[in-house]
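# Results of the structural survey
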Amino acid sequence: MPMSDSHNPKHSTVQVEGLSLTLGGKRLLHDLSFNTQTSGTTLIMGPNGAGKSLLLRCLHGLLEPDQGTVEFFGKPAHTQQRHQAMVFQKAVLLRRTARANLLFACQGSEARKKRIETLLSDVHLTEKADQPARLLSGGEQQRLALARALLTEPQILFLDEPTASLDPASVLIIERLIQEANERGVKTLFISHDLGQAKRLASDIVFLHKGQITEHSPADTFFTDPQSREAKAYLDGELVL
Amino acid sequence: MLGDAFSEAATLILSGDPELFEILGLSIQVSLTALFFSIALGLPIGTALAISQFRGKKACVTVLNSLMGLPPVVVGLLVYLMLSRSGPLGVLGLLYTPTAMVIAQVGLITPIIGALTYQVMDDLHREYRDLFSSLKVPLAKAVPTYLWDARYSLITSVLAGFGRAISEVGAVIIVGGNIDHLTRVMTTAIALETSKGELAIALGLGIILLALALFVNALVTWVKTAGQKNAYV
């Protein structure tokens, strides 16, 4: 039951049409189409190797698909580059202090510089602002990476399992910041295997299996009445082959 | 006999023997000048190779890595052929001058600095590439960022180049000619004095050369440790 069919694409926050990706001679994403109108969080779920990260990287422009189109707010994705940010599964931090990592993302903008202290406080890193970023704990590093992404004031935020193997406190901080961003109208596309997190954050869920979308449903429908066999098996904790 | 030579060598060093320190001064001057030009060439070559994509990139990297192992006498011979009177640059009259020795050392250590820079930058580029792409960092900002963030590893590469330059003998003896008070450096002087049986000055220079090598290695270790302490390498 694809959610996209009943919506007017003109008002979609994200519209993906016929997206395919081949790497090393192997087709990894097959003719993916979906659109979503919400400004909340679209969770991308699926078993390992389903192509979730590849999809996110294609949407963000880090990988070029063989075919297909991506639009954000009705405009081609490549024209919206300045309005996107991404947080990677493993935080990529420059070899400098936490504050300097944020300064780097300011790219000369005084308005962004003024927001640094607030963001450091939001991610509970004020006291560690002048420590080398790569000496922070995993949770702190990921919070810093999220702060850096938010500093660029994106309209679309891509999150590739940013809370995987983090402590509950860090997960809570990150989830709160994402919800606040959603309330400000930021659209987030979030990869997660955490069903509890998906229930807390997601407005809708795109379920991928072997590079194909088997289901795109509102979150409550997905959890109470999944339509695809693969999603049912995934939610039941079965091995999805 | 060896004890006497050591004792005489120590006296030469401690008394500040002018001939010995003239040789030391020229060695450092030639090697530092060569290092300066090799940094100016090697860092951009290594960086450009690491962050750009083009056909034949792997072949270029292979060539650069192979050049690291260039035999000094071959480099000396090539520079000699270029600078000799019948060579293409013979008109400049540079053969048997410190400049010729600098050119030979640049030929020797530029591939070392270039190849080591490539390795450092390639690793860093793989790590930062997606982030820079995501943040839309322009190349003009990305390159200085790579250089700054790789500074500890790059300093180590540069010091490795200096170590190679200061201890090299084959190339500089061919293009410099080991002329007294003009092109005689530590390594060529050690070779000459040893062949003459003048072990004291050879040992004196050998001790200084070893001390320099030790100093450079200690500096490499200190730089590495300083970088690791802050997770900057």
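These lines cover the structure that appears in this document, whether it is placed above or below. Small disclaimer: the values here were computed from a predicted structure and weren't measured.

Time to look at the sheet that holds strand β5 (residues 75-76) of chain A. Sheets are built from strands that pair by backbone hydrogen bonding, the pairs being arranged parallel or antiparallel. Residues and elements named next belong to chain A. Taken together, 4 strands build an open sheet; the order of strands is β2-β1-β4-β5 and the sheet is antiparallel. Since the sheet does not close on itself, it has two edges, and those belong to β2 (26-36) and β5, each with one partner. With 7 bridges joining them, strand β1 (residues 14-23) and β2 adopt antiparallel strand pairing. Bridging across to β2, Thr22 finds its partner in Arg27.

Here we take up the interface of chain A and chain B. The interface of chain A with chain B comprises 23 residues on the first partner and 22 residues on the second. Summed over both sides, the interface between chain A and chain B buries roughly 2100 Å², with carbon and sulfur atoms accounting for 53% of that surface. Area buried by chain A at its contact with chain B is led by Arg95, Phe104 and Gln107 of chain A, which between them contribute 35% of it. Where chain A touches chain B, the interface holds 4 salt bridges.

Moving on, we come to the sheet that holds strand β7 (residues 156-160) of chain A. All names here are of chain A. What the 6 strands build is an open sheet, ordered β6-β7-β8-β3-β9-β10; its pairing is mixed. Every interior strand has two partners, whereas the edge strands, β6 (84-87) and β10 (212-218), have only one. Sheet twist, expressed as the average angle between the axes of neighbouring strands with direction ignored, equals 15°. In this sheet, strand β8 (residues 187-191) lies alongside β7 in parallel orientation, the contact comprising 5 bridges. Its bridge partner being in β8, Leu159 is matched across the sheet by Phe190. The sheet contacts of helix α5 (residues 168-183) involve β3 (41-45), β7 and β8, and relative to β8 the element is tilted by about 150°.

So, about unusual backbone geometry. Even without glycine at this site, Glu161 of chain A takes up a positive phi of about 45°. The residue Glu161 of chain A is located in the loop between β7 and α5 in this model. Even without being glycine, Lys136 of chain B reaches a positive phi, approximately 55°. Inspection of the secondary structure puts Lys136 of chain B in the loop between α5 (98-134) and α6 (139-149). For Lys136 of chain B, a relative accessible area of 16% corresponds to the buried category.

Rules used throughout
- Residues numbered from 1 in each chain as written.
- Chains lettered and ligands numbered in written order.
- Predicted model: local features only at pLDDT ≥ 70, side-chain atom pairs only at ≥ 80, totals over all residues.
- Heavy atoms only, no water.
- Pairing = 2+ DSSP bridges.
- Helix = DSSP H or I, 4+ residues; strand = E, 2+ residues; numbered from the N terminus.
- Contact = heavy atoms within 4.5 Å.
- Buried area = accessible area lost by both parts, 1.4 Å probe.
- Salt bridge = Lys/Arg side-chain N within 4 Å of Asp/Glu carboxyl O.
- Axes fitted to C-alpha atoms, helices over the stretch in contact; angles between N-to-C directions.
- Buried < 20%, exposed > 50% of the residue type's maximum accessible area, 1.4 Å probe, protein only.

Take it as geometry only, folks, not as evidence of what the structure does.
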